[in-house]
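Reading the structure
Now for the letters of each chain:
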Amino acid sequence: MKHNLSVVIPVYNSQQSLPLLISQLLEQLPIIASRYEIILINDGSQDKSWLEIEKACQKSKMIHGIDLVQNYGQHNALLCGIRAAKYETIVTLDDDLQHPPAEIPKLLKKLDSGLDIVYGTPNKESHEVWRNLSSLLVKWAFRVTIRIPYAEKISAFRAFRTSLRDKFQNYSNPYVSIDVLLSWGSVRIGFVDTNHNERQIGQSQYTFYKLIRHALNMMLG
């Protein structure tokens, strides 16, 4: 079954990876979606990411750009894009090419089995050691926050039903965790193994400090 898809991508200092990511999406989405849009949220990038987004929007009416006035963080940017989405199913992925668009059908097939949220769990995360360790801390914080056992399987590669945003439409706290907000909407959550590419372009914008702060905000914010 083909979906109507809104693909939401937070963008930060990714001018080099964006053209290739957009190209891969425009190749994949017409095959798997009846209708689709790509929403790119520029989260205060300091490079020419917004210029790349503008170019993409001019080339395809399926691409929409949102330019935030400053860097608010990945989850705030995601929330902005989720609120702008117009189709029934939302897919989120990172801007660094580590989440392959070719893996999106796996998430949608699992979603069609009667679930509301599906996470693409990496077969093997291709991060540096410090990033893997701090990621484990964030997932532990998530488990503590919402008291459910699947935290180690969550990732930024997700597919979920857009109707879930009704549960947090009035949320206005500056500290945002998309996964916590989604957990308010449904417990019908699934997981599917997906490939996780090595980073070929640029470097991670997450520092150890940022990940620790996100974990603390998740528990206390």
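Further up the page is the structure itself.
Conventions we followed
Residues numbered from 1 in each chain as written. Predicted model: local features only at pLDDT ≥ 70, side-chain atom pairs only at ≥ 80, totals over all residues. Heavy atoms only, no water. Axes fitted to C-alpha atoms, helices over the stretch in contact; angles between N-to-C directions. Helix = DSSP H or I, 4+ residues; strand = E, 2+ residues; numbered from the N terminus. Parallel < 35°, antiparallel > 145°, perpendicular 65-115°, else oblique. Left-handed = near helix turned anticlockwise from the far one by under 90°. Contact = heavy atoms within 4.5 Å. Buried < 20%, exposed > 50% of the residue type's maximum accessible area, 1.4 Å probe, protein only. Polar contact = N/O pair within 3.5 Å; in protein donor to acceptor, adjacent residues only side chain to side chain.

Things to note about the packing of helix 1 (residues 18-32) against helix 4 (residues 104-111)
The contact between helix 1 and helix 4 brings their axes to 11 Å, and the two run at 30 degrees. When the interaxial angle is binned, helix 1 and helix 4 end up roughly parallel. As for how helix 1 packs across helix 4, the hand of that crossing is right-handed. Contacts between helix 1 and helix 4 involve Leu25, Gln28, Leu29 and Ile32 from the former and Ile104, Pro105 and Leu108 from the latter.

Side note on the environment of Ser49
Counting through the fold element by element, Ser49 comes out in helix 2 (residues 49-59). Overall, Ser49 belongs to the buried group, its relative accessible area being 0%. It is 7.2 Å that separates the C-alpha atoms of Ser49 and Tyr12, two residues lying 37 residues apart in sequence. Ignoring any residue separated from it by four or fewer positions in sequence, one finds Ser49 in contact with Val11, Tyr12, Asn13, Ser14, Gln15, Leu18 and Asn42. Of note is the side chain of Ser49, whose polar atom sits 2.7 Å from the side chain of Asp47.

Worth remembering: the numbers are spatial, not functional.
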